[in-house]
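# A structural walkthrough
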Amino acid sequence: MTQTVLHRRRRTSTRALFAAGLVASLALATGCAKSEDDDSGSDKASSSAGSDNAGQEVASPGTGETCDIATFGGKKLDLKNATVGFSQSEKEANPFRIAETASLKAEASKRGIKLLTANAQSQFSKQISDVQDLIAKGADLLVIAPLNSDGWEPVLRAAGAKHIPIVTVDRKINATACKDYVSFIGSDFVEQGKRAADRMIEATGGKGTVAILLGAAGNNVTTERTKGFEDQLKAKAPGLKVVFKQTGEFAREKGQQVTEQLIQSKPDITGIYAENDEMGLGAVNALKGAGKKAGAVKIVTVDGTRNAVQGIVDGWISGVIESNPRFGPLAFQTLDSFTKGDKVGQDIVIKDSAYTEDNAKTDLDKAF
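Residues numbered from 1 in each chain as written. Predicted model: local features only at pLDDT ≥ 70, side-chain atom pairs only at ≥ 80, totals over all residues. Heavy atoms only, no water.

### Comments concerning the packing of aromatic side chains
Within this structure, the stated rule accounts for five aromatic pairs. Measuring from ring centre to ring centre gives 5.4 Å for F124 and W152, while their planes differ by 80°; the resulting arrangement is edge-to-face. Of the two residues, F124 sits in helix 5 (residues 124-136) while W152 sits in the loop between strand 4 (141-144) and helix 6 (153-161), which places them 28 residues apart along the sequence. For the pair F184 and F189, a centre-to-centre distance of 6.3 Å together with 55° between the ring planes defines the contact as tilted. As far as burial versus exposure is concerned, F184 and F189 are alike and both buried. (Phe/Tyr/Trp six-rings, centres within 6.5 Å; stacked < 30°, edge-to-face > 60°. Helix = DSSP H or I, 4+ residues; strand = E, 2+ residues; numbered from the N terminus. Buried < 20%, exposed > 50% of the residue type's maximum accessible area, 1.4 Å probe, protein only.)

### A closer look at the environment of Y181
Within the secondary structure, Y181 is located in the loop between strand 5 (166-169) and strand 6 (183-186). Measuring from C-alpha to C-alpha, the distance between Y181 and C67 comes to 9.5 Å, with 114 residues separating the pair along the chain. Each residue touching Y181, except ones within four places of it in the same chain, is listed here: F72, I166, I173, A175 and T176. (Contact = heavy atoms within 4.5 Å.)

### Digging into the nonpolar core
Most often, soluble globular proteins have nonpolar side chains that are buried together. The biggest cluster of nonpolar side chains holds 51 residues, and the ones touching the most others in it are L142, W152, I166, I272 and I317. Ranked by residues supplied to this core, first place goes to helix 10 (residues 277-289) with six residues. Excluding residues that lie within four positions of it along the chain, I272 makes contacts with M200, A211, L213, T259, L262, A283, V297, K298, I299 and V300. With 25 residues, the next largest nonpolar core counts A99, L115, V143 and A145 among its residues. (Core = buried A, V, L, I, M, F, W, Y, C linked by side-chain atoms within 4.5 Å.)

### So, the sheet that holds strand 6
Taken together, the six strands give an open sheet; going across it, the order is 3-2-4-5-6-13, and neighbouring strands pair in parallel fashion. Each of the sheet's edge strands pairs with one partner strand only, and the pair in question is strand 3 (114-119) and strand 13 (347-349). On average, adjacent strands in this sheet sit at an angle of 20° to one another, irrespective of strand direction. Across six bridges, the pairing between strand 2 (residues 83-88) and strand 3 is parallel. If you follow F86 over to strand 3, its bridge partner there is T117. The strands that helix 4 (residues 95-111) touches are strand 2, strand 3, strand 4 and strand 5; relative to strand 2, the one it contacts most, it runs at about 175°. Contacting strand 2, strand 3, strand 4, strand 5, strand 6 and strand 13, helix 12 (residues 328-339) runs over the sheet at an angle of about 160° to strand 6. (Pairing = 2+ DSSP bridges. Axes fitted to C-alpha atoms, helices over the stretch in contact; angles between N-to-C directions.)

### Points about the pairing of strand 5
Remark: a regular strand shows side chains that alternate across the two faces of the sheet. Burial along strand 5 is two-sided: I166 and T168 facing one way and V167 and V169 facing the other are all buried. Here strand 4 runs beside strand 5; their pairing, made up of three bridges, is parallel. Note on strand 5: the bridge partner recorded for I144 is T168. Chirality of the crossover, the property in question, places the unit of strand 4, helix 6 and strand 5 among those that are right-handed. Across three bridges, the pairing between strand 5 and strand 6 is parallel. (Right-handed = clockwise from strand over helix to strand, strands pointing away.)

### A few points about the pairing of strand 6
Both faces of strand 6 are covered, namely the face carrying S183 and I185 and the face carrying F184 and G186. Here strand 6 runs beside strand 13; their pairing, made up of three bridges, is parallel. Along strand 13, the bridge assignment pairs F184 with D347.

### Remarks on the state of the cysteines
Overall, the coordinates contain one disulfide when judged by the stated rule. The disulfide partner of C67 is C178, and the gap between their sulfur atoms is 2.1 Å. As the torsion about the S-S bond is roughly 80°, the C67-C178 disulfide counts as right-handed. Residue C67 is found in strand 1 (residues 66-67), and its partner C178 is found in the loop between strand 5 and strand 6; the two are separated by 111 residues along the sequence. We note that C67, like C178, is buried. (Disulfide = S-S within 2.5 Å.)

### Regarding the sheet that holds strand 8 (residues 240-247)
Read from one edge of the open sheet, six strands run 8-7-9-10-11-14, paired in mixed fashion. Looking at the sheet topology across the chains shown, the edges are occupied by strand 8 and strand 14 (354-355). Pairing of strand 9 (residues 271-274) with strand 10 (residues 298-303), which is carried by four bridges, proceeds in the parallel orientation. Within the sheet, the bridge partner assigned to A274 lies in strand 10 and is T301.

### As for the packing of helix 4 against helix 12
Packing of helix 4 against helix 12 leaves a shortest axis separation of 8 Å and a crossing angle of 50°. When the axis of helix 4 is compared with that of helix 12, the two are oblique. Between helix 4 and helix 12 lies a crossing of right-handed hand. Every residue of helix 12 that contacts helix 4 at S103, L104, E107, A108 and R111 is listed here: G328, P329, A331, F332, Q333 and D336. Counted by class, the contact of helix 4 with helix 12 contains five nonpolar, three polar and three charged residues. (Parallel < 35°, antiparallel > 145°, perpendicular 65-115°, else oblique. Left-handed = near helix turned anticlockwise from the far one by under 90°. Nonpolar A, V, L, I, M, F, W, Y, C, P; charged D, E, K, R; others polar.)

### Considering unusual backbone geometry
Phi angles above zero are rare outside glycine, and D170 is one such case at about 70°. Structurally, D170 is set in the loop between strand 5 and strand 6. Of note, the phi angle at F250 is positive, near 60°, even though the residue is not glycine. Mapped onto the elements, F250 comes out in the loop between strand 8 and helix 9 (252-265).

See the structure below:
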């Protein structure tokens, strides 16, 4: 995936997006506290699922290992007659999760597919029981947004016994592709960390001290976004030192609390790398509360929420690396191709754009 900041993304119609997903698949062949069941058309999914110009694109079709239903086990089926279960990991106070769920619901509704949904409310034990419940209720296929990467053995056993294909989105599970699950669809998180570091280097001039607001522990997103950022600083800006790391748990309130502590212990901090927008916005609140001026501390975040991009326009945030949550079209295209017997990628990496002061105002409508 290129490290060049993508200032504009071509406007793509919904029909073109499906065609792109199909081309990518064929190219791969060549190289609240309870579970909520609902019909995918029952809420206003389309309004939050993103505009036509905001759909995901595959970064490198035709490369990497593939999977097909004959290798995985199971039988071909017509996706239109199937029931798909979607397990959301976190409370939908985070715009990323809102947009992600809305995108899955909107696509299921568009295709006329029955979609059962469950929300784990940020409790991993509940997510395991949620997915087991989706299986018990007749899900033929599963799309899972994992809270954690480990601990999925009970689900994998239950799904494996019925040969239920699983696609994970936005986070990986530590299991064997094309045996325990079919595909992972998501970003290159190490690359996101590197691009965030590049933006931080540009904003700070490559000198000073940086704090990292870590994401939640126990998943590959946090580990890889941290690695990419730290490795890139060491390679390109040894004068920019990481002097503080603490988890903000991907939450705005926690990000604010941690930043308040940071300001007390290291009042001259040069920059803050927040591993998602919500923590970055919490950092902005803390800096405002401490009487800091916009831009006094350089903040770089990852996601691409509307509030964070507005933060660039307002001068509080120096850059946002996109992590596109609109998984619906690509996830269902992958399931459709797989259930027809075609090969699909085991790792389907998507392209991510970025926002800086150069494009934040004009591209604000692309944010979620």
